[in-house]
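Residue-level structural notes
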Amino acid sequence: MWARQYSSIAHRIGRLVRSTAFLPLLFLSGCSAHSLSRQFLIFRPAGPLSATDLRFTIFDVAVMLGIIIPTAIVTTFFLIRYRKANSTAAYDPTWSHSNLIELVVWAVPLITVALLAYYAYRGTYAVDPFHPRLLKTAQSAPGGTPAPPLRVDVITTDWQWLFIYPRQHIATANELVIPRGATVDFHMTSATVVNDFFIPNLAGMIDIMPGMRTKQVLVADQLGTYKGYSANFSGGGFSWMGFKTHVVGLKHFQDWVQSVQHSPVHMDYAQFNTFAKPTKNIQGKTFEFSDVKGRLFDQVIEGVLKGRVYTTQLPPPGSA
Amino acid sequence: MVNVQGPWSPLLGRLSLGAIPDNPIIAGAFIFSVLLGILVLVYLTYADRWGYLWREWLTTVDHKKIGVMYIIIGLVMLFRGFIDALMMRTQQVLADGAHSPGFLGAAHGYLVPYHFDQVYSAHGTIMILFAATPILVGLMNVVVPLQIGARDMAFPYLNALGLWLTAVGAALVMLSLFLGDFSHAGWVGLTPLTELAYSPGVGTDYWMWAIQISSVGTTLGAANLIATIVKMRAPGMSWGRLPIFTWTALSTNIIALTSFPVLGVALGLLGLDRYFGTHFFTAGLGGNLMLYSDLFWIWGHPEVYFVILPAFGMMSEIIPTFSEKPLFGYVTMVAASFAIAGVSWSVWLHHFFTMGASPRVNTFFSVATMVVGIPTGVKVFNWAFTVYRGRSRFDTPMMWAIGALFMLLVGGLTGMMLAMPPVNYSVHNSVFVVAHFHTMLMVVVYGILGAVSYWFPKVFGFRLNEALGKRFFWSFTIGTIVVFIPMYTSGFMGMTRRLDYLTNPALMPFEIAEEIGIGFYLVSIYYFVRQLYVSLRDRNANRVGADAWGSARTLEWLAPSPVPFYNFAVTPRVHARDELVWRRGQGLEGAAPPRYEDIPMPRNTSVPLAIGALALGLGFGLVWRIWWLTDVSFIAIILTVIARSFVRDTDYVVKAGEVEGIEKRLRQRAAEAARAATSASGIDALRPRESNP
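Numbers given to residues run from 1 along each chain, matching the order in which its sequence is written. By the order in which they are written, chains take letters starting at A while ligands take numbers starting at 1. With pLDDT at 70 or above as the cut-off, local features in this predicted model cover only qualifying residues; side-chain atom pairs require 80 or more to be listed or tallied, and sums for whole chains, interfaces and linings still use all residues.

**A few points about the overall build of chain B**
Rule in force here: Helix numbering and strand numbering both begin at the N terminus, where a helix is a DSSP run of H or I of at least 4 residues and a strand a DSSP run of E of at least 2. Each radius of gyration reported is based on C-alpha atoms, and the globular scaling rule is 2.2 Å times the count of residues to the power 0.38. Buried means a residue has 20 or more other C-beta atoms within 10 Å of its own C-beta, exposed means 12 or fewer, and partly exposed covers the counts in between; C-beta atoms are placed from the backbone. In this description, a residue-residue contact is defined by the distance between C-beta atoms placed from the backbone, which must lie within 7 Å.
Of the regular secondary structure elements, chain B holds 19 helices and two strands. Scaling as 2.2 N^0.38, a compact globule of 693 residues should have a C-alpha radius of gyration of about 26 Å, and chain B matches this with 25 Å. For the C-alpha atoms alone, the extent of chain B along its principal axes is close to 75 × 55 × 50 Å. Of all 693 residues assigned to chain B, the portion counted as buried reaches 59%. The long-range share in chain B, meaning contacts at least 24 apart out of those at least 6 apart in sequence, stands at 82%.

This is the structure in structure tokens:
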């Protein structure tokens, strides 16, 4: 009887192991090779800024691999060729200097770094979050009807996002809607601690700091919904501090603005102070606000500069 | 003095029974530590080793023993830091996707966010400041005086003080596990998250004072090592003959001496914010939180090179020894080390390229960062040319050195990527960066593990088990590959750092792979412990003579293994860069000196240990705001230091006859060991190899 019971337990354990062994494969097959490749957000730029980031990444890696792969191969070859067991290889127990080799080993990294440094300079100016040179040149290019530029003020709280559209007098929380092709001009600040604005498909990271204002200018080329993150750790609700970015057509965008303008919930500084209470957005809730006062962004910065904090309470003892 | 949340009493400060965590994992760790502690105490009492421990270790000023104690502290903390890593990997693999299960009160995984945040903060703090730094300082302590032919450090008493202050820092970090909590704001201390408004608990204070106290120790140690290298070299040891590891030790300690005070200032100002309500790093009321980032990384980046330069030095010692050939391009290697040290001061801003500085600023720091790649690249090429036309032997230290070289290649590739702002913006705070700096720190870890197995026989007189060392190496290497390649990959999927819950289920396969990788690390720890045990058990079969590897090159291999407390019976005269090779060529290896002399040696002292104990009281009092304890400890430290300065009787003399007796015994034992080793393994481990090319 014991044997039978044991075998039945063993059978059950075996089944459990078998069912979990395929788990990794299941995740892969569940989304297939094609959709897995779509998960590599950095490799899927949907705007000129992230496309440029990717271009520089590929260039940098290519140059470096050009040095590193031969170095790895030569080192491995030396190690194998001049192993102790190989008595046919030359052995030169005092050789330790050669002017020619010294010259080469300094020249190769020097030239590589000079080349990469030049491209670093070009790239830094091209994607400068405040005034990307890239977009200036892109705008002057003829063709197409560019959507009018859009201004969005971003305020992060513990641990939510507030996106204010000051000219439209609307705001959204944890959800960003922008029209395709428009130059979107973000002004960002934080009500509490440092966060980091990051939409992998659209733009690289830029810090969001309390009492200060940072900027990001971006253009989205392709319709779709893109993940946005806070990339800089900001406390307990940080893991849930994501937002969705919807890139929509211009007409769609205008309709959406109108619908939000009819939202019954308003937003002013008093309302903001309630909104900014520490909140873990575990359900991924989004909100829409109408009748947003134009000075809200400046008021939040001023408030922080005057010493306003949205205090975190001491976690209960032993909760560590 | 600011008011803090929660109760406070004059006697116990913020301390109360509620400070004891009720988490079962911590309770388990506590029971484990207590049992281990009781076991050690019982052993010490039962085997009557208290006197031995006190005389030979706790009050010692011997640079080798202090070095060994530094390394032991580092290895224990390395294990603690590894457990933190294991917990983080397990949390992330469990907490992936909205449907992932939750245990122990967590919504996902088994760690609530506040606990997870402390785990990763502790991991970083421990690995950099209480594992890598002490082990490196320990190795420099052991090796540098031997390499330059000195009897001890320039300031033996200061050396012991540095050790005990480091130990206090480590003790405070460990204490935070069982009493109160640890910082949740990262090892870097992200302002303004570390300010009282956002971190009202004692966690940040633990982090702050642990680092502050131990970094005083590191600064003192750096001054000591510089003085030792500059002033204590044996006759004939000109700068051009200084062994390469000592050169890197010099460059790295110049970095430490000049950069650690900056950290002290940064943490001191943060302390003023937290204790006196000033506004140095707050967001409002005139504070500037990015000032902290600047100050922290003005220390932090040099610190990165502080840990990597000695590792380069270790590789530069190991590779020639096991290639049986001098290091290629000695002068270039020295120049490269100092170039790296110099540039280390001008790259700090790349840690916050995304702050929104102007492209002019970012370009400057980008180019400066890339410039570091030049001397580093030169070093890699020079190691390759050291192997060229040599005779490579793949003993365990050589395996670690080769591993470090390949880690450096991968780290160099990804480092050059991150140095370029347009690339950096897309992965700045992602796990790609985490994988990058772990690859670079693996260079340090590989260097350290290589150095430990390389110099172990010098300190203890027997070699570590080779077969288990290889298993340790391979399981560790597989672990490194399986953890960090998926981590690099998930960085390109937009996975950011420091997440206790992952929203994207597509990350699951990578998380599982990393968990498997961490399993390999666990296996490697088993092999390491087993290697230590087996080697200790079979030590009599593995005894070595002065030159443990048969092809060693530098001065430290001239002294007997294990090295007697006075290092060299007669201070050696140095004739060449690779002194041992020169002596071998002249047939002088193993020759006894013509006559012995009296040796003045520093006397043991319990003062550093006492100051350490008082510093622990000071740190603990500051963390819990127990003012009577801080006042008493602080005054007592000052009085102790003053009292010690009046002690004149700090040295004693070992008579020439006594030295002769010890040397005779050591020679006899070495000869026996050599015979035993030759008959046991049949290898010509002790025969000079270069005399018959």
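**Comments concerning the sheet that holds strand 10 (residues 242-248) of chain A**
Residues and elements named next belong to chain A. Rules: If DSSP finds at least two bridges between two strands, the strands pair. Between the N-to-C directions of two axes lies an angle of 0 to 180 degrees, each axis being a line fitted to C-alpha atoms and, for a helix, fitted only over the stretch in contact.
Strand order in this open sheet of five strands is 4-10-9-6-7, and the pairing throughout is mixed. Each edge of the open sheet is held by one strand with a lone partner, namely strand 4 (175-179) and strand 7 (203-208). The average undirected angle you get between the axes of adjacent strands in this sheet is 20°. Running over the sheet, helix 6 (residues 250-261) touches strand 4 and strand 10 and is turned about 135° from strand 4.

**A word on the sheet that holds strand 1 (residues 150-156) of chain A**
Strand pairing in a sheet is mediated by backbone hydrogen bonds. Such pairs are either parallel or antiparallel. All names here are of chain A. What the seven strands build is an open sheet, ordered 8-5-1-2-3-12-11; its pairing is mixed. Among the strands making up the open sheet, the edge pair consists of strand 8 (214-219) and strand 11 (266-267). Relative to strand 12 (residues 287-292), strand 3 (residues 170-173) runs antiparallel, the two sharing three bridges. Residue pairing for strand 12: threonine 172 is matched across the bridge by glutamate 288. Strands in contact with helix 8 (residues 296-305) are strand 1, strand 2 (161-165), strand 5 (183-190), strand 11 and strand 12; relative to strand 5, the strand with the most contacts, it is inclined by about 30°.

**A short note on the nonpolar core**
Counted only if it meets this: By definition, a nonpolar core groups buried Ala, Val, Leu, Ile, Met, Phe, Trp, Tyr and Cys residues that are joined through C-beta atoms within 7 Å. An automatic or database domain assignment provides the domain bounds reported here.
Core analysis: the largest hydrophobic core is formed by 296 residues, its most contacted members being B:Ala311, B:Met315, B:Ala404 and B:Val443. It is helix 4 (residues 113-147) of chain B that provides the largest number of residues to this core, a total of 20 residues. Per-domain counts for this core show at least three residues from each of domain 1 (28-86 + 98-127) and domain 2 (150-305) of chain A. Beyond its immediate sequence surroundings of up to four residues, B:Met315 is in contact with B:Trp383, B:Ala401, B:Ala404, B:Leu405 and B:Gly447. In this structure, B:Tyr566, B:Phe568, B:Ala569 and B:Ile599 belong to the second largest nonpolar core, which totals five residues.

**A closer look at unusual backbone geometry**
Across residues other than glycine, the phi torsion is negative in most instances, and most of the peptide bonds are trans. Here the bond from A:Asp158 into A:Trp159 is cis, since omega is -5°, no more than 30 degrees from zero. Structurally, A:Trp159 is set in the loop between strand 1 and strand 2. B:Pro192 follows B:Thr191 through a cis peptide bond whose omega is -5°. Here B:Pro192 is to be found in the loop between helix 5 (156-178) and helix 6 (203-231). One non-glycine residue, A:Asn174, lies in the positive phi region at around 60°. Within the chain, B:Arg498 stands out as a residue other than glycine whose phi angle is a positive 60°.

**Concerning the confidence of the model for chain A**
All names here are of chain A. Cut-off, in case you're wondering: pLDDT gives the predictor's per-residue confidence on a scale running from 0 to 100.
Residues with a pLDDT of 70 or more make up 83% of chain A, whose mean pLDDT is 87. Mean pLDDT across the elements of chain A bottoms out in helix 1 (residues 2-21) (50) and peaks in strand 2 (97). Predicted confidence is poor over residues 1-6, with pLDDT under 50, and the contacts of this stretch with residues over four places away or in other chains come to zero contacts. Here residues 24-30 is modelled with pLDDT under 50, and outside its nearest four sequence neighbours on either side it reaches eight contacts, counting other chains as well.

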